Amino acid sequence: MKERIYIKDLSQYAGQEVHIAGWVNVRRDQGKMVFFDMRDMTGYVQCVALPSREQAIEKAKDIRPEWVLNIKGLVNKRPEKNIKEGVVNGDIELEVLEIEVLNKAETPAFDVVSEGYEIGEENRLKYRFLDLRRDRMQKNIRNRHKVVKFIRDFLDKKSFIEVETPILTKSTPEGARDYVVPSRIWQGKFYALPQSPQQYKQLLMASGAERYFQVAKCMRDEDTRGDRQPEFTQIDMEMSFVDREDVMNLNEELLINVVKNIYSEKEIQEIPFPRITYKESMEKYGTDRPDIRKDKNNPNLLAFCWVVDFPFFERTDKSDNVDTSGEWTFTHNPFSRPQDEHMAMLMDKKDIGDILTTQYDIVLNGSEIGGGSIRNHEPEALEKVFEIMGYEQEVVEKNFGHMIKALGSGCPPHGGIAWGFDRFIMLLQNEPNIREVIAFPKTGEGKDLMMDSPSDISEKQLKELNIKMGK
Ligand code: ASP
């Protein structure tokens with residue numbers, strides 16, 4: 001057969017013989033003729049097997065949805081009355097000359113032609129490889145790719161470098177429970193999976209990277225909630241020699257450009273993005289994630305805003321998971337720096353509840369899609385934060401000794417941000433939850449129904465790790 005042509009390009013080959021490959025989308029047997037739609041990653045085309053083409057019509061009678069075919073065919077212009085306006089390949093059809101079956105398919109567990117919202121999600125997740133074939137899911141993952149690529153190119157042009165940081169790391173106090181991994185070589189010791197690359201990215205600033213980013217996987221062992229996943233993706237950044245304005249402006253420029261270049265049908269409500277203080281937001285909207293859309297029925301309206309001036313500390317709530325020993329804990333990030341005029345309050349441990357942090361959150365249509373801060377780059381200031389949180393000197397040394405040393409090694413002032421990338425894509429794609437924009441998500445209960453994980457491990461594996469199961 002000739003070189004394969006992508007389905008989206010077929011109309012350029014009117015009157016010619018071509019070879020396509022893909023999946024049978026739908027099939028309509030009309031007695032003498034068989035109509036079916038073929039699908040590849042680029043689009044759909046209607047195919048027709050005529051009685052005069054013996055090999056083609058015989059094979060076409062056998063084929064079923066989701067079979068994989070090679071097809072030799074003739075690209076024909078459709079008669080005027082059969083043209084479908086506004087549909088890709090609506091003006092052509094492929095007259096099938098030869099069919100080669102590359103693989104058969106069992107009757108699919110569900111329809112992949114519809115949008116899929118009507119199908120039970122457990123079933124969709126169990127057969128995710130089928131579910132992803134539907135047009136809507138293809139668009140979600142393909143647009144996600146476009147956004148990531150755009151971000152990488154944008155940041156590269158702005159002199160950022162992408163650095164991978166470890167997945168096997170150490171427990172850190174960032175607000176959630178860690179996933180832990182037992183070490184075989186060091187029995188009784190554990191790695192933790194990163195909740196975010198926070199410490200590593202700051203250590204990179206101490207290492208002279210100056211401008212870092214990463215498309216980073218983060219893992220948090222939290223009780224499940226609607227749009228939370230045990231693992232999720234951040235667009236993580238850190239920059240040296242910057243203040244709050246620099247980080248916010250760069251991110252605002254990037255967000256605007258993502259929308260303009262990839263979602264040109266969408267409208268940003270207000271540029272520059274409005275800035276709201278935490279206090280104002282709580283008073284006016286009763287939340288720190290205000291939905292400031294002027295028209296909530298418009299699916300193409302994007303209302304971004306920044307929320308700033310959060311309190312640094314709050315009174316400890318003994319019921320949460322944060323490892324706190326004292327009366328105070330951080331509201332966002334223990335590594336943040338207070339606002340300049342509140343630095344003295346931190347160093348003197350005075351009016352702790354009134355200290356404002358440099359934290360900035362970026363909110364889109366009432367969802368927090370990112371947050372960051374300028375960090376404490378002097379070791380004494382970070383030590384004060386831990387003191388206020390009631391950590392003993394030894395605890396600080398044991399858990400954060402490396403951070404204190406790095407800050408004291410000639411670490412430049414720095415700050416950064418991380419976007420909750422799944423949620424951002426969810427909003428751009430107008431999807432109701434983040435599972436729709438993640439190729440292989442877990443269920444609300446943290447299960448991978450397709451792989452059947454979490455799962456048992458063998459006696460041998462347990463033995464190697466010296467782990468005994470309790471009753
Ligand atoms: N590491 C922080 C987080 O995961 C974000 C940041 O401050 O850069 O929320």
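Structural data are supplied above this passage.
Bear in mind that the values here come from a model prediction, so they are computed numbers and not experimental data.

Cut-off values and rules
- Residues numbered from 1 in each chain as written.
- Predicted model: local features only at pLDDT ≥ 70, side-chain atom pairs only at ≥ 80, totals over all residues.
- Heavy atoms only, no water.
- Patch = residues over 30% accessible without salt bridge, like charges linked within 9 Å, V, L, I, M, F, W, Y side chains within 5 Å.
- Areas by Shrake-Rupley, 256 points an atom, 1.4 Å probe, with all protein chains shown as cover.
- Salt bridge = Lys/Arg side-chain N within 4 Å of Asp/Glu carboxyl O.
- Lys, Arg positive; Asp, Glu negative; His and termini not counted.
- Charge placed at Lys NZ, Arg CZ, Asp CG, Glu CD.
- Helix = DSSP H or I, 4+ residues; strand = E, 2+ residues; numbered from the N terminus.
- Buried < 20%, exposed > 50% of the residue type's maximum accessible area, 1.4 Å probe, protein only.
- Axes fitted to C-alpha atoms, helices over the stretch in contact; angles between N-to-C directions.
- Parallel < 35°, antiparallel > 145°, perpendicular 65-115°, else oblique.
- Left-handed = near helix turned anticlockwise from the far one by under 90°.
- Contact = heavy atoms within 4.5 Å.
- Nonpolar A, V, L, I, M, F, W, Y, C, P; charged D, E, K, R; others polar.
- Pairing = 2+ DSSP bridges.
- Near = heavy atom within 4 Å.
- Polar contact = N/O pair within 3.5 Å; in protein donor to acceptor, adjacent residues only side chain to side chain.

1. Section: a negative patch on the surface
At step 1: Residues Asp 243, Asp 246, Asp 340 and Glu 341 make up a contiguous surface patch of negative charge.
At step 2: With respect to the helices and strands, the residue Asp 243 is situated in the loop between β10 (231–240) and α6 (244–262).
At step 3: On the basis of relative accessibility, which here comes to 41%, the residue Asp 243 falls in the partly exposed class.

2. A word on the packing of helix α9 (residues 379–388) against helix α10 (residues 393–407)
Working note: a packed helix pair is described by the angle between its axes plus the distance between those axes.
At step 1: Their axes nearest at 10 Å, the elements α9 and α10 cross at an angle of 155°. Considering the angle they form, α9 stands roughly antiparallel to α10. Judged by the sense of rotation from one axis to the other, the crossing of α9 with α10 is right-handed. Seen from α9, the contacting residues are Pro 379, Leu 382, Glu 383 and Phe 386; seen from α10, they are Gln 393, Val 396, Phe 400, Met 403, Ile 404 and Leu 407.
At step 2: Residue classes in the contact of α9 with α10 are distributed as eight nonpolar, one polar and one charged.

3. Description of the sheet that holds strand β12 (residues 275–277)
At step 1: Judged by pairing direction, the sheet is mixed, and its eight strands sit side by side in the order β6-β9-β10-β19-β18-β17-β14-β12 without closing on themselves. Of all the strands in the sheet, just β6 (161–162) and β12 have a single pairing partner and so form its edges.
At step 2: Taken strand by strand, helix α7 (residues 278–285) contacts β12 and β14 (304–308), and its axis lies near 85° from that of β12.
At step 3: Sheet strands in contact with helix α11 (residues 421–428) are β10, β14, β17 (360–364), β18 (367–374) and β19 (414–420), and its direction is about 50° off that of β19.

4. As for the site of the ligand
At step 1: If you check the shell around the ligand, you find Ser 196, Gln 198, Lys 201, Arg 220, Gln 234, Asn 333, Gly 371, Gly 372, Arg 375, Ile 417 and Ala 418 and nothing else.
At step 2: Here an oxygen atom of the ligand and a side-chain polar atom of Asn 333 are 3.1 Å apart.
At step 3: Out of a free accessible area of 270 Å², the ligand has 83% covered by protein chains.
At step 4: Residue assignment for the shell around the ligand shows that the elements contributing at least two residues are α5 (198–206), β18 and β19.
At step 5: Broken down by class, the residue content of the shell around the ligand amounts to two nonpolar, six polar and three charged.

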